[in-house]
Amino acid sequence: MAVVEEEFGLEDEPLDIASADRARLHTAIRGLAANAATGKVGLRGRDFMAAVVVFFLVALSAVPGIVPFLLIDDEHLALRVSNTVLLLLLFLAGYGWAHYTDSRPMVVGLVVAVLGLAMVLLAIPLGG
């Protein structure tokens, strides 16, 4: 840990605050937390609508993996085609996600696809 602290300039205390100021800050935070009113929590109509939307998004995301089984008679071949289609979709999802995270799209797409491939390779010996 000391090596990391020396290398990156990390210290035990991230802020140099006098102990009197630290005590006042701690007291103020405790006072705010003790007097804070809790809000009423419950499910609203929009929560149920969001659940329905998530359900349909998850169900629709399974469709590309199901189509090969509907079109190909050989189950083993259909499974491999389904895996390939889903790995391609994982790559595309990672590629698109990278744009939102200011990362390199090709790298993120490949990493996500390789993680999916690792899961497929793990599932094959288990019968998948």
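Residues numbered from 1 in each chain as written. Predicted model: local features only at pLDDT ≥ 70, side-chain atom pairs only at ≥ 80, totals over all residues. Heavy atoms only, no water.

A. Main features of the packing of helix α4 (residues 75-100) against helix α5 (residues 105-123). Between α4 and α5, the least distance of the axes is 7 Å, while the angle of their chain directions is 145°. Read as a crossing pair, α4 and α5 show a hand that is right-handed. On α5, the residues that touch Asn 83, Leu 87, Leu 90, Phe 91, Gly 94, Tyr 95, Trp 97, Ala 98 and His 99 of α4 are Pro 105, Met 106, Val 108, Gly 109, Leu 110, Val 112, Ala 113, Gly 116, Leu 117 and Val 120. Across the contact of α4 with α5, the residue classes break down as 14 nonpolar, five polar and no charged. (Axes fitted to C-alpha atoms, helices over the stretch in contact; angles between N-to-C directions. Helix = DSSP H or I, 4+ residues; strand = E, 2+ residues; numbered from the N terminus. Left-handed = near helix turned anticlockwise from the far one by under 90°. Contact = heavy atoms within 4.5 Å. Nonpolar A, V, L, I, M, F, W, Y, C, P; charged D, E, K, R; others polar.)

B. Local environment of the packing of helix α3 (residues 45-71) against α4. Put simply, α3 and α4 touch, their axes get as near as 8 Å, and they point 155° apart. The pairing of α3 with α4 is recorded here as roughly antiparallel in orientation. You can see that α3 and α4 cross each other, and the crossing is right-handed. Of the residues in α4, those touching α3 at Pro 64, Gly 65, Pro 68 and Phe 69 are Glu 75, Ala 78, Leu 79, Val 81, Ser 82, Val 85, Leu 86 and Leu 89. Looking at the contact of α3 with α4 residue by residue, the class counts come to nine nonpolar, two polar and one charged. (Parallel < 35°, antiparallel > 145°, perpendicular 65-115°, else oblique.)

C. Expanded view of unusual backbone geometry. Of note, Asp 102 is a non-glycine position whose phi angle comes to about 55°, a positive value. You can see Asp 102 is positioned in the loop between α4 and α5. The exposure class of Asp 102 is exposed, given its relative accessible area of 74%. (Buried < 20%, exposed > 50% of the residue type's maximum accessible area, 1.4 Å probe, protein only.)

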